[in-house]
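A structural walkthrough
What follows is the residue order along each chain.
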Amino acid sequence: MTQKRFKRVNVEISNICNLKCTFCPSGEDGDGVTKQVMGVADFERVIRELAPLTEEVVLHLLGEPLGHPEFSQIISACETAGVPANIVTNGVLMTGDRPAQLLRPIVRQVSFSLHSFEDNFRDSDPRVYFRRLQKFIDEALIARPDLYINLRLWDIDGIMPDDSKLNISMRTLLAQAYEFDWADVRVDLRRRKNWRLRGRLYLHFDSRFEWPRMEHPIRGDKGFCHGLTGHFGIHADGTAVPCCLDHKADIKLGNVFETSVAEILASPRAKNIRDGFARGDLVEDLCRRCTFITRFGNRLPEPQLISSLMTR
């Protein structure tokens, strides 16, 4: 099999979200981004161009993909193009036929951002929400044992308000449902972010990060990123960007509804960005303001005992 040029391409089928998370730009009012969904016909055209280029398509940049009014047709387009789909969702909309859509064979991975529940429903009981996800997981373990499922808890360094419970209720439900002891769970953010529960069901840990913005101060002009070598992104309006963290499309490479993906990737600006990363130079102003980029060069803390977070 011929190796694809990209490991993934993030295609934002909708930048509209049903939640307002403090850690995500989708939750900001007046961010200057026009809210919209990508039409099925436009997505079909884009996915055909991406098919020979990428190993998978992540149906997310910002927004909630399960909120797309024609989500089943989006999945069908992935099937027709033969491009595996990777879904990132907060899981609140796991109703109707959406769970069945996620069990279709073309879906390679589903990631549930469990930390979004506490961030939006601090005083609510998470059991109804969790049972809905657990029902899907139980069905998937039988019907789709090849499906990767990540249960995300991106809060382990405590970048949250001082009164945060750090998802203690969610962690308790997880331990009860999947019969494990948090004292056994260790994670190294640099080398091992996943902890397998059973089959291809994993806990997935990470710290929260600061989204790069043009109004932030420049942090340096040296660094490396996998943007435009391992991945790139496409916004709901068709704007191509080098990185999925470019949530406002500050680095516009072109529009896939107007120009072919191949032409955009071969453009002088895209080539300049790639060549810069290869030299260790950050040639774009947004990249010079990005803190996430330091993860590729600086050593992260030693493995942490997750159970210690339960008592903070």
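Residues numbered from 1 in each chain as written. Predicted model: local features only at pLDDT ≥ 70, side-chain atom pairs only at ≥ 80, totals over all residues. Heavy atoms only, no water.

What follows deals with the pattern of salt bridges. Under the definition given, this model contains 13 salt bridges. Residue Arg108 is joined to Glu56 by a salt bridge in which the shortest nitrogen-to-oxygen separation is 3.4 Å. With Arg108 in strand β4 (residues 107–113) and Glu56 in the loop between α1 (40–50) and β2 (57–58), this residue pair connects regions lying 52 residues apart in the sequence. Residue classification places Glu56 among the buried residues on the basis of a relative accessible area of 11%. (Salt bridge = Lys/Arg side-chain N within 4 Å of Asp/Glu carboxyl O. Helix = DSSP H or I, 4+ residues; strand = E, 2+ residues; numbered from the N terminus. Buried < 20%, exposed > 50% of the residue type's maximum accessible area, 1.4 Å probe, protein only.)

Packed helices, taken two at a time, are described by their axes: the angle between them and the distance between them. Put simply, helix α5 (residues 127–143) and helix α6 (residues 168–178) touch, their axes get as near as 11 Å, and they point 35° apart. Considering only the axes of α5 and α6, their crossing is right-handed. Across the interface between the two elements, Arg127, Tyr129, Phe130, Gln134 and Ile137 of α5 pack against Met170, Leu173, Leu174, Ala177 and Tyr178 of α6. In the contact of α5 with α6, the residues fall into 8 nonpolar, 1 polar and 1 charged. (Axes fitted to C-alpha atoms, helices over the stretch in contact; angles between N-to-C directions. Left-handed = near helix turned anticlockwise from the far one by under 90°. Contact = heavy atoms within 4.5 Å. Nonpolar A, V, L, I, M, F, W, Y, C, P; charged D, E, K, R; others polar.)

Right, let's get into the packing of α1 against helix α2 (residues 71–81). At a closest axis distance of 10 Å, the pairing of α1 and α2 adopts a crossing angle of 25°. Considering the angle they form, α1 stands roughly parallel to α2. The way α1 lies across α2 gives a crossing that is right-handed. Contact residues: Val40, Phe43, Glu44 and Ile47 in α1; Gln73, Ile74, Ala77, Cys78 and Ala81 in α2. A breakdown of the residues in the contact of α1 with α2 according to their chemical character gives 7 nonpolar, 1 polar and 1 charged. (Parallel < 35°, antiparallel > 145°, perpendicular 65-115°, else oblique.)

The subject of this paragraph is the pairing of strand β3 (residues 85–89). The buried fraction of β3 amounts to 5 of the 5 residues, a majority that puts the element mostly inside the structure. Side chains of β3 alternate between two faces, with Ala85, Ile87 and Thr89 and Asn86 and Val88 buried alike. Bridge analysis of β2 against β3 gives 2 bridges, and the strand direction is parallel. Each bridged residue has a counterpart across the sheet, and for Val57 the counterpart in β3 is Ala85. Once the chain exits β2 it traverses α2 before rejoining the sheet at β3, and the crossover so formed is right-handed. (Pairing = 2+ DSSP bridges. Right-handed = clockwise from strand over helix to strand, strands pointing away.)

Time to look at unusual backbone geometry. The phi torsion at Leu228 lies on the positive side, around 70°, for a residue other than glycine. Its place among the elements puts Leu228 in the loop between β8 (201–205) and β9 (231–234). Overall, Leu228 belongs to the buried group, its relative accessible area being 1%. Phi at Ala249 is positive, roughly 55°, even though this residue is not glycine. Residue position: Ala249 is located in the loop between β10 (239–241) and β11 (254–255).

Turning next to the confidence of the model for the protein chain. For the protein chain, per-residue confidence averages 88 on the pLDDT scale, and 88% of positions sit at 70 or higher. Contacts of residues 158–164 to residues separated by more than four positions or lying in other chains number 10 contacts, the stretch itself having pLDDT below 50. (pLDDT = per-residue confidence, 0-100.)

Below, the discussion takes up the sheet that holds β11. Within the open sheet, the 10 strands sit side by side as β7-β8-β5-β4-β3-β2-β1-β9-β10-β11. Their pairing is mixed. The open sheet has two edge strands with one neighbour each: β7 (194–198) and β11. Bridge count between strand β1 (residues 8–11) and β9: 4 bridges; the pairing is parallel. Counted as the bridge partner of Val9 is Phe232 from β9.

Attention now goes to the packing of aromatic side chains. Taken as a whole, this structure holds 7 aromatic pairs when the rule is applied. Between Phe112 and Phe136, the ring centres sit 5.8 Å apart and the planes meet at 80°, which makes this aromatic pair edge-to-face. Taken together, the positions of Phe112 in strand β4 and Phe136 in helix α5 put the pair 24 residues apart, joining distant regions of the chain. Given the relative accessible area of 0%, Phe112 is considered buried. (Phe/Tyr/Trp six-rings, centres within 6.5 Å; stacked < 30°, edge-to-face > 60°.)

A separate point is the pairing of β1. Taken together, the 2 bridges between β1 and β2 define a ladder with parallel strand orientation. Counterpart to Asn10 in the pairing with β2 is Val58.

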